[in-house]
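Letter by letter, the chains look like this.
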Amino acid sequence: MYNANALPPDLLDELRALLGDRLSTGLAVREHHGRDESSHPAALPDAVVWPETTEEVSTIARLCHAFRVPMIPFGVGSSLEGHVIPLHGGVSIDLSHMNRILALHVEDLDATVQAGVTRKQLNAWLHDSGLFFPIDPGADATLGGMTATRASGTNAVRYGSMREAVLALTVVLADGRVIHTGTRARKSAAGYDLTRLFVGSEGTLGIVTEITVRLHPHLEAISAAVCGFPDVASAARTVIQTIQTGVPVARAELLDALSMRAINAHSKTNWPEVPTLFFEFHGTEAGVAEQAETVQALAHEHGGTDFRWATRQEERTQLWAARHDAYFACLQLRPGSRSLTTDVCVPISRLAECIEATAADVAGMPMPVPLLGHVGDGNFHLLVLTDPDSATEREAAHALSHRLVLRALAMGGTCTGEHGVGFGKMGYLAEEHGEALDVMRAIKHALDPYGLMNPGKIVETEPQDARR
């Protein structure tokens, strides 16, 4: 186990001089920064720092680079593939103090924020502007963490993921240099698209400190609906036909019967405990009514029954709060369990096939395995609820996840639609990307030759001269 003595004393002195009490080597603080929401084992950083400006992050990076000490960016620790776990010790750089909204341009529908701003904080601040930020992973994640993992959420089918939401970035590189990628212009043909390079890089290429994001206007009418189905495949086929018909549905979420049982117990609701789709429609009054009518007809063709509508804001808020709380609700299906949470994404035409095969696979598992997901874009999740003290269960859970990933890759999909790679999904990148993985390694080596930026994540590289 690493401890604070693993850091060079001169580095600690320099960091204390810069940050004062915004540096900690206390065990409890280091333990908090040594884990995330995944089932991966924890590992301790040697120290934790809380910068407040890009300039301070730059100085921290320059010092760590000089002493060859690993750096691990940290948001709120809600990641699911071990992204923030300091596998090789080093300095955990907690960006939560960088929580200022720097600029809002209502006419241009964009805002610039520091990396520690959370999605709920931004939308609360935008409340009276007529605009909102649509990317909504289940957790109240930071915009920096969402950028790093290329986060998505329930609105992705209409508004896309962080890949579409980010216009420009400020990034601190491994050696402390500060670069600005992109502009506030809606398109550019000027040079390599470095913004997209850093979106999804999971802190392995640099530390994102400021983000300029696209915003969207609140629309005239919003309506939500819940519909039950005889099985998950029928629900998935409804979504496929909805997308192929061209209905601009804003949200299409699938929860299996087990997930609905968990939601009812957790949120004190009384939804039928059957495979269920949650829909939301945005637009004009006439447009929303037409979309809803079309989707209701498609659902009935596939056995969908008991459409329940939520048109009032309070009803919609309750509905989506229940969906966003599904992860924590499912954990209560087996108190004391840990969830091996995995996700894949497949072409929409293969979604029903993939879900049907996965549901059959899950049926043979000895532990509860809820299935849910953002099926409007072909992305779904399994929560494998294992006894943390059972090696047999952990092995079975990993085997199930492995089969799911291979199934998705065989269908032309990806090993992760939105959770990211971290170190939990590294083993699948060669099969998914082939020779392109060597290009990723070359980029990593060019920007971080000593392997100091969140080492052990996404790609393995051979550092030239690391401390460890």
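In this convention, every chain numbers its residues from 1, walking through the sequence in written order. Local features are withheld for residues below a pLDDT of 70 in this predicted model, meaning they are given only at 70 or higher, and side-chain atom pairs are given and counted only at 80 or more; totals for whole chains, interfaces and linings count all residues. To get the side-chain values, all heavy atoms of the structure are used, and hydrogens and water are removed first.

Caption draft 1: Fine view of the overall build of the protein. Scanning the protein from terminus to terminus reveals 17 helices and 18 strands. Our radius of gyration looks at C-alpha atoms and nothing else; its globule reference is 2.2 Å times the residue count to the power 0.38. Scaling as 2.2 N^0.38, a compact globule of 468 residues should have a C-alpha radius of gyration of about 23 Å, and the protein matches this with 22 Å. Seen through its C-alpha atoms, the protein measures out along the principal axes to roughly 70 × 55 × 45 Å. Across the 468 residues that make up the protein, the buried fraction comes to 56%. Two residues form a contact once any of their heavy atoms are found within 4.5 Å. Long-range contacts, defined as pairs at least 24 residues apart, comprise 72% of the intrachain contacts of the protein with a sequence gap of at least 6. With residues, only the protein chains shown are counted as cover, and all accessible areas are computed by Shrake-Rupley using a 1.4 Å probe. Carbon and sulfur atoms provide 52% of the accessible area of the protein, an area that totals close to 18900 Å². Working convention for charge: Lys and Arg count positive, Asp and Glu count negative, and His plus the chain ends are omitted. Where a charge sits is defined by one atom per residue type, namely NZ (Lys), CZ (Arg), CG (Asp) or CD (Glu). A distance of 2 Å separates the average location of the 38 positive side-chain charges in the protein from that of its 56 negative side-chain charges. A run of H or I in DSSP becomes a helix once it reaches four residues, and a run of E becomes a strand once it reaches two; helices and strands are each numbered from the N terminus. With a 1.4 Å probe rolled over the protein chains alone, any residue whose accessible area is under 20% of its type maximum counts as buried; one over 50% counts as exposed, and the rest are partly exposed.

Caption draft 2: Fine view of the sheet that holds strand β17 (residues 371-373). In this description, strands pair whenever DSSP reports at least two bridges between them. A sheet is described by the order of its strands in space; here seven strands give the open sequence β15-β12-β14-β13-β17-β18-β16, paired in antiparallel fashion. Looking at strand neighbours, the two that pair on one side only are β15 (305-310) and β16 (338-345), the edges of this open sheet. Strand-to-strand, the axes of this sheet are offset by a mean angle of 20°, without reference to chain direction. In the sheet, β17 pairs with strand β18 (residues 379-386) via two bridges, with the strands oriented antiparallel. Each residue of the ladder has a partner; that of L371, found in β18, is L382. Axis definition: a line fitted to C-alpha atoms, limited for helices to the stretch in contact. Angles are taken between N-to-C directions and run from 0 to 180 degrees. Packing against the sheet, helix α11 (residues 285-301) makes contact with β12 (221-228), β14 (276-283) and β15, and its axis sits at approximately 155° to β14.

Caption draft 3: Main features of the packing of aromatic side chains. Ring geometry is summarised as follows: Phe, Tyr and Trp rings, the Trp one being its six-membered ring, pair when their centres sit within 6.5 Å, and such pairs are stacked at plane angles under 30 degrees, edge-to-face over 60 and tilted between the two. Per the counting criterion, the structure on display carries eight aromatic pairs. Pairing F132 with Y159 gives two aromatic rings, centres 5.6 Å apart and planes at 85°, and the pair type is edge-to-face. Taken together, the positions of F132 in strand β7 (residues 131-132) and Y159 in helix α6 (residues 156-159) put the pair 27 residues apart, joining distant regions of the chain. Here F132 matches Y159 in class, with each residue buried. Judged by centre distance (5.1 Å) and plane angle (80°), the rings of Y327 and F328 are edge-to-face. On the accessibility criterion, F328 (42% relative accessible area) is partly exposed. By the ring-pair criterion, three or more aromatic residues cluster together here, those being F279, F281, F307 and W309. Directly above the aromatic system of Y450 lies the positively charged group of R68, at a separation of 3.6 Å from the ring centroid. Positioned above the aromatic ring of W320 is the side chain of R251, whose terminal nitrogen or guanidinium carbon lies 4.2 Å from the ring centre. Consider the ring centre and the ring normal. A charge sits over the ring if Lys NZ or Arg CZ is within 6 Å of that centre and within 35 degrees of that normal.

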